Amino acid sequence: MTEIIELRPNKNLINSSFEKYQFSNEVIPIISENKLQNHVYRLEPNCNQESWLEARLFAFHNHLFNNVYDMSCWFIDNTLAVWRLDMDGSLDQVYKLHTDAQSKITYNPSIGFTSNNIIVISDGGTNLHILIGFIEESRKVFLINPEESGIIINVQYVEKISKLIITMCAIVADNNQKKYTQLTLLSYNLCVENKEAKINNIDKQILKVQGTVEYAYVEENGDYLHSICQDNISFENKNAQSENKTEQPNINSQIKIPKYYWSQDEDSITVWVKVRNRRDNKPKINVKPLELSVTIDDEILIQGECQHRLEENIATWRHKEDTLQIDLSKYETGLMWSELIKGDTGGECLPNETLATEIHAKLAHLCTDQQSSNAAGQPCVGFNAEQLEECDLEGKDNFLQRINLCTQATTQLARLGSNNHVLFTYKKKCGQMVCLRYDHDACVWDMSDSDNDNQWNLRHIHSFPGFGYVEASKTNKKFCVSPIDGSYVAIVEHTRHVFLYERPDVGTKSAKQRIMDFDCQASSIMGVVATNKHLIVLLKDKLCRLQIST
């Protein structure tokens, strides 16, 4: 049975008094700059990769990969040499992808890490390189051919059972030539003992999604997959443990249909309730200062304690087709409610278009990149051909799922809506952090692994107030990243500009915003990694380390 969960942010971490990110002309110094011997390897979509799913996959590919186990950064140049930048700023070639399948490469190369000692590299084709150990003289290398090409999005080594799980992402076409996202989970038995290593293929699971996959992560025990995507995940193949399992139900059938909808402006609240075949029946509406109840034929439609005060005994209602509409008056004008009935998860709030326009005007200053309209030397934000159309990315609900890979059943499910998408993720040594947009804010969740199969540890750890609105305004954005301590978040454009936003303390009204301009002569930005003290930016021909904090 799927458990429907709600991601409710910790109200103590929501900064309702925050007003703006204040522009600062403080310089962001480049403390080291490495000129590359060869340009970064970059593959453009071919003539058969014209869907927006593929355009998105190529346009937002991060060519710089962070090993969180030693905080090194890795990339691949156009000779297929693999380079590593250490924390001290030294840059060294550590490996070379020898491949005879150049014509079969369909994606950009990718790298995944699962310990200080195990690295998996995809050449973008059908070859996976598994490296055991960093030192070349003692390194063990396994070249495997999983048949499916793709981009590595997660690697997990389950030490107790010596199991290596590699999660690959690819865009494929069905029989009607309609493109969809495919996740392939490759499992291998990888035994490393006394400097000897052996590897054997165990299993392959193929998962299909009609839409985007914004996040995927396999828990340390290897039993559960976390994902954020736009549709139901279905398994193409059935493993031995799930042969007798009933077919996975559609994701929409698992979501509770709201009992009622409500909307608000500064003065009033409107509620809609479905009342089929009861249009002639008069509802009983009881409005007290902090309590609301609505019944028809002794059936309770809404009942409970309101979040704030209402005008007592003031309500109007009318039937519209199969819907009962109720208009209520707020006691405190201008006070915005986050829920109608305290603790009631059965209702859903709908946006008020007029109110949204007013909020847009009030929050527009959050998106300014200049201290004042006449400030000199500040960058202009323009259109970039690599940027996707916004309509391609919006409009469909996103779902957070936890799936048991043994039974192939969804154990926990949360509906995020169409706007609460992933802003950035950060892999930790144990677990994963995910930042989700929540209204106009950005909330960072720690999605640690659970010791209890029936529970999922999702913890709201900090917030960036107003950042959801800021991020949506950056039409040229390519990457959004943050370090593990969450001290700042960076928006990186396709060329030239990096915007840094400090995380304010709860209760403060402003936070610092800084801008780094690589000037118009700089090459395209290919990748970025955020650490607590540095922002590492990979351009086509050089690698820069920016000093964020001392």
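Each value, and the rule that gives it
- Residues numbered from 1 in each chain as written.
- Predicted model: local features only at pLDDT ≥ 70, side-chain atom pairs only at ≥ 80, totals over all residues.
- Heavy atoms only, no water.
- Helix = DSSP H or I, 4+ residues; strand = E, 2+ residues; numbered from the N terminus.
- Buried < 20%, exposed > 50% of the residue type's maximum accessible area, 1.4 Å probe, protein only.
- Contact = heavy atoms within 4.5 Å.
- Areas by Shrake-Rupley, 256 points an atom, 1.4 Å probe, with all protein chains shown as cover.
- Salt bridge = Lys/Arg side-chain N within 4 Å of Asp/Glu carboxyl O.
- pLDDT = per-residue confidence, 0-100.
- Core = buried A, V, L, I, M, F, W, Y, C linked by side-chain atoms within 4.5 Å.

The protein is annotated in an unreviewed UniProt entry as NudC domain-containing protein 1 of Cardiocondyla obscurior.

**Quick word on the overall build of the protein**
A tally of regular secondary structure across the protein gives five helices and 39 strands. Buried positions account for 52% of the 550 residues belonging to the protein. Counting contacts in the protein only where the partners sit at least 6 residues apart, residues at least 24 apart contribute 58% of the total. By element, 46% of the accessible surface of the protein is carried by carbon and sulfur atoms, the whole surface being about 26100 Å².

**Brief notes about the pattern of salt bridges**
All chains considered together, the criterion is met by 20 salt bridges. Arg84 serves as the salt-bridge partner of Asp86, at 2.6 Å between the closest nitrogen and oxygen. What makes Arg84 buried here is its relative accessible area of 14%. Note that Glu305 and Lys342 form a salt bridge whose closest N and O atoms lie 3.4 Å from each other. Here Glu305 is found in strand 23 (residues 299-305), whereas its partner Lys342 is found in the loop between strand 25 (323-330) and strand 26 (347-349), with 37 residues between them in sequence. In this structure Glu305 comes out as partly exposed when scored by relative accessible area, which is 41%. When salt bridges with common partners are traced through the structure, they connect Glu26, Glu502, Lys512 and Arg514 into a single cluster.

**Some thoughts on the confidence of the model for the protein**
Mean pLDDT over the protein: 84, with 84% of residues reaching 70 or higher. Under a pLDDT of 50 for its full length, residues 240-247 has, in the predicted model, seven contacts with residues more than four places off or in other chains. Segment residues 371-394 is flagged for pLDDT under 50; beyond a separation of four residues in sequence, or across chains, it makes 41 contacts in the model.

**What to know about unusual backbone geometry**
What is expected of a backbone is that most residues other than glycine have negative phi and most peptide bonds are trans. In this structure, Asp297 is a non-glycine residue whose phi angle is positive, near 55°. When you line up the elements, Asp297 lands in the loop between strand 22 (291-296) and strand 23. Located in the positive-phi region is Asp298, a residue other than glycine, with phi close to 65°.

**Thoughts on the nonpolar core**
Of all hydrophobic cores here, the largest spans 37 residues; its most connected members are Val82, Ile111, Ile121 and Phe467. Here the element with the most residues in this core is strand 29 (residues 422-427); it accounts for three residues. Look past the residues within four positions of Ile111 in its chain and what remains in contact with it is Phe65, Trp74, Ile76, Val82, Ile119, Val120 and Ile121.

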